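# Structure at a glance
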Amino acid sequence: MSSEKANKDFVMLLIYVLFLMALTFLMSMFTFCGPYKGWKRHGAHIFVTVLFSIAIWVVWITMLTKGNQSLNRPEWDDPVVAIALVSNGWIFLIMYIIPEICFLTTTGGGLNSKATLEMYYYLQYHSVLLL
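Rules and cut-offs
- Residues numbered from 1 in each chain as written.
- Predicted model: local features only at pLDDT ≥ 70, side-chain atom pairs only at ≥ 80, totals over all residues.
- Heavy atoms only, no water.
- Core = buried A, V, L, I, M, F, W, Y, C linked by side-chain atoms within 4.5 Å.
- Buried < 20%, exposed > 50% of the residue type's maximum accessible area, 1.4 Å probe, protein only.
- Helix = DSSP H or I, 4+ residues; strand = E, 2+ residues; numbered from the N terminus.
- Phe/Tyr/Trp six-rings, centres within 6.5 Å; stacked < 30°, edge-to-face > 60°.
- UniProt positions renumbered as here; feature names shortened; annotations may be inferred.

### Thoughts on the nonpolar core
In this structure, Leu-14, Met-21, Phe-25, Val-50, Ile-56, Trp-57, Trp-60, Leu-64, Val-80, Val-81, Ala-84 and Ile-91 together form the largest nonpolar core, which totals twelve residues. Those elements that provide at least two residues to this core are helix H1 (3–29), helix H2 (37–70) and helix H3 (78–105). Looking at this core element by element, the count peaks at five residues for H2.

### Digging into the packing of aromatic side chains
Taken as a whole, this structure holds four aromatic pairs when the rule is applied. With centroids separated by 4.8 Å and ring planes inclined at 80 degrees, the aromatic side chains of Trp-57 and Trp-60 adopt a geometry described as edge-to-face. Here Trp-57 and its partner Trp-60 are both found in helix H2, three residues apart, which amounts to about one turn of the helix. Across the pair, exposure class does not vary: Trp-57 and Trp-60 are buried alike. Taken together through their ring pairs, the aromatic side chains of Phe-25, Phe-32 and Phe-47 make up a single cluster.

### Some thoughts on the UniProt feature "transmembrane region" (unreviewed entry) in the chain
The UniProt record marks residues 12–32, 44–60 and 80–98 with the feature "transmembrane region" (unreviewed entry), using the residue numbering of this structure. Measuring from the first to the last C-alpha atom of residues 80–98 gives 26 Å, for a span that is 100% helix and 0% strand.

Here it is as structure tokens:
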């Protein structure tokens, strides 16, 4: 496969990933509207994580497109790709995974928490109303 064809395929994958990130970003906003407080906390973690991830991707794409043109280098820069992917992984770990693990290991977190019972009763009440 030629390098130009590989670059075009890579750009198509970038468009797909950015679409999924934008969709996740927008869908995480809906969690702030519901009555369940646990969803709001999870939604806030997802919202902030995706916000930082989108910022990394925008900077990365700008560096690849504008930076290579200003340096008169037509090829893609592999170290920039590696740095962006590693930093995106660290953002995911720091902004989402670590807070979720901390929440689950506390005494109030997990399946036996008050918020989980509230959600159970909320769903039970609304399912009875639908019958």
